[in-house]
Amino acid sequence: MWKLILGSVTKPRRAKRRVVRRRRRAQRPLSLVEQEQRYQARGVILEHVEHWSAVMEITPKRVAVRNQRSRWGSASSLGNLNFNWRIAGLPPGIRDYVIIHELAHLRQMNHSPAFWAIVAGYCPGYKAHRKWLREHSRSEQRLG
Ligand SMILES: [Zn+2]
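Residues numbered from 1 in each chain as written. Predicted model: local features only at pLDDT ≥ 70, side-chain atom pairs only at ≥ 80, totals over all residues.

Go over the overall build of the chain, please, and point to the residues and values.
Helices and strands together make up the secondary structure of the chain, namely four helices and four strands. Mapped from its N terminus to its C terminus, the chain presents α and β elements in the order α-β-β-β-α-α-α-β. The buried share of the chain, taken over its 144 residues, is 22%. Considering only intrachain contacts with a sequence separation of at least 6, the fraction spanning at least 24 residues in the chain is 54%. (Helix = DSSP H or I, 4+ residues; strand = E, 2+ residues; numbered from the N terminus. Buried ≥ 20, exposed ≤ 12 C-beta atoms within 10 Å, placed from the backbone. Contact = placed C-beta atoms within 7 Å.)

Here it is as structure tokens:
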């Protein structure tokens, strides 16, 4: 006896609406090692921000070290600077470039020639550092 197998006919399903919201990364508590790592990173960053702030005579209002995934650093028009704690692990010249870059934004909130002139004054090799950073960043990591 042949069993006639009919392909099951289903109504074409409407494509499921794609979830637009990006899933938040699971909030996993930091291990002790990670906590220690970030604590150390924060100290390193603040120390060098203080150094360059004195050298450049530019004082940020507030400096925050954050776990931001998409940026190495950023500056706000209110005079606040944010740094990704991961910059502490970059080669020192690159780390300093990020810090100098953000401090320079407190004078020039743009990437004009005047801005780059400030950066170049304290970081003559900035072009090579920029290139290095671009090559070593994940696509979403930017320098603000
Ligand atoms: Zn910038």
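If you had to explain the nonpolar core to someone new, which residues and values would you point to?
In terms of nonpolar packing, the biggest core is built from 21 residues, with I45, I87, I100 and V119 touching the most fellow members. Secondary-structure elements contributing two or more residues to this core are α1 (32–56), β2 (71–75), β3 (80–84), α2 (92–105), α3 (113–122) and α4 (126–135). Take this core: its biggest share by element is six residues, from α2. In this view, I45 contacts V65, F83, I87 and A88; residues no more than four positions away in its chain are not counted. (Core = buried A, V, L, I, M, F, W, Y, C linked by C-beta atoms within 7 Å.)

Could you give an account of α1, with specific residues and numbers?
Compared with an ideal rise of 1.5 Å per residue, which puts 25 residues at 36 Å, α1 spans 36 Å between its outermost C-alpha atoms and is within 8% of the ideal. Once α1 finishes, E57 follows within two positions and takes phi at roughly 55°, a positive value. (Expected span 1.5 Å × (residues − 1).)

Explain the pairing of β2 residue by residue, including any values.
Where burial is concerned, most of β2 is hidden: four out of the five residues are buried. Where β2 and strand β4 (residues 142–143) come together, two bridges link them in parallel fashion. When the sheet's bridge partners are listed, R71 is paired in β4 with R142. Both β2 and β3 contribute to a ladder of three bridges, which runs antiparallel. Residue pairing for β3: G73 is matched across the bridge by F83. Counting the residues in the hairpin turn of β2 and β3 gives four residues, including G79, whose phi is positive at 95°. (Pairing = 2+ DSSP bridges.)

Tell me about the sheet that holds β2, and name the residues and values.
In space, the four strands of this open sheet follow the order β1-β3-β2-β4, with mixed pairing throughout. The open sheet has two edge strands, β1 (62–66) and β4, and neither has a second partner. α1 rests against β1 and β3 of the sheet, and its axis sits at about 150° to β1. Packed on one face of the sheet, α2 meets β2, β3 and β4 and runs near 25° to β2. (Axes fitted to C-alpha atoms, helices over the stretch in contact; angles between N-to-C directions.)

Describe the pairing of β3, naming the residues involved and giving the relevant values.
Looking at chain direction, β1 and β3 are connected through five bridges and run parallel. The residue bridging R62 from the neighbouring strand is N80, located in β3.

Outline the confidence of the model for the chain, supporting the account with residue identities and numerical values.
In this model, the chain carries a mean pLDDT of 86, and residues with pLDDT of at least 70 account for 81%. The secondary structure element of the chain with the lowest average pLDDT is β4, at 78, and the one with the highest is α3, at 98. Throughout residues 1–11 the model reports pLDDT below 50, and contacts reaching past four residues in sequence, or to other chains, amount to zero contacts. (pLDDT = per-residue confidence, 0-100.)

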